[in-house]
Amino acid sequence: MSETSVQFGKIIAGCRELFSKKLQDYGAAWRVLRPSSITDQIYIKVNRIRTIQMTGKKMVDESEEGEFVAVVNYSIIALIQLEKGFSNDFNENREEILALYDKYATDAQHLMERKNHDYGEAWRDMRISSITDLIYQKVLRTKQIEDNQGVTIASEGLDANYFDMLNYAVFCLIKFSEAESRAEPKTT
């Protein structure tokens, strides 16, 4: 297993842990959201990240990393909603929801591994701000596809965009993690 796959797994495990805790706290309240509302949630998160990156200032004490975790989790929620449809009843089976989370996280990892091979891990040489812009672009594309009732002529569909947003957010979280470990003082 490649280093990136191991890092991906650790990041997803942390995202899943938070998702699981919120599932315990709120249940699957997000099940009432239509796909466009989930896309807008991702938009809010990535727009905040971009604002902080561009201004260098934040007024709310929430980290960029936390927002990228939200992008990962909302992307998986969107994929679940695409499969199941939205519901007015959010009393879902916890194990079923976590199984779907794991399914989409695994699918995202497999996609990442294939693309990572073909692109030669180019993301490692990119700035977090550039990857953030790619997520932002994917959100805007997704909103346009939703406005077109999901119809595309030459483009990938909604699911492909959510998978890309998820994987790009994981790349940013890996980069933050690597920067943190480089900054930690070495003890002997």
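Quick caveat: nothing in here was measured; it's all calculated off a predicted structure.

Draft legend 1. Spotlight on the packing of helix H1 (residues 3-26) against helix H4 (residues 94-119). Between H1 and H4, the least distance of the axes is 11 Å, while the angle of their chain directions is 155°. Of the possible angle classes, the one that applies to H1 and H4 is roughly antiparallel. Crossing of H1 over H4 shows right-handed handedness. Of the residues in H4, those in contact with Thr4, Ser5, Phe8, Ile12, Cys15, Arg16, Phe19, Ser20, Leu23 and Gln24 of H1 are Arg94, Ile97, Leu98, Tyr101, Asp102, Ala105, Ala108, Gln109, Met112, Glu113 and Asn116.

Draft legend 2. Layout of the pattern of salt bridges. Under the defined criterion, the tally for this structure stands at 14 salt bridges. Lysine 115 is the partner of aspartate 164 in a salt bridge, and the nearest nitrogen-oxygen pair spans 3.0 Å. You can see aspartate 164 sitting in helix H6 (residues 158-183) and its partner lysine 115 sitting in helix H4, a full 49 residues away along the chain. Here aspartate 164 falls in the buried class, since its relative accessible area comes to 4%. A relative accessible area of 31% means that lysine 115 is categorised as partly exposed. Across the salt bridge formed by arginine 124 and glutamate 178, the nearest N and O atoms sit 2.7 Å from each other. Remark: glutamate 178 occurs in helix H6 and arginine 124 occurs in the loop between H4 and helix H5 (128-147); sequence separation between them is 54 residues. The exposure class of glutamate 178 is buried, given its relative accessible area of 19%. Connected through salt bridges with shared partners, the residues Arg31, Lys84, Glu92 and Glu96 form a single ionic network.

What counts, and at which threshold
- Residues numbered from 1 in each chain as written.
- Predicted model: local features only at pLDDT ≥ 70, side-chain atom pairs only at ≥ 80, totals over all residues.
- Heavy atoms only, no water.
- Axes fitted to C-alpha atoms, helices over the stretch in contact; angles between N-to-C directions.
- Helix = DSSP H or I, 4+ residues; strand = E, 2+ residues; numbered from the N terminus.
- Parallel < 35°, antiparallel > 145°, perpendicular 65-115°, else oblique.
- Left-handed = near helix turned anticlockwise from the far one by under 90°.
- Contact = heavy atoms within 4.5 Å.
- Salt bridge = Lys/Arg side-chain N within 4 Å of Asp/Glu carboxyl O.
- Buried < 20%, exposed > 50% of the residue type's maximum accessible area, 1.4 Å probe, protein only.

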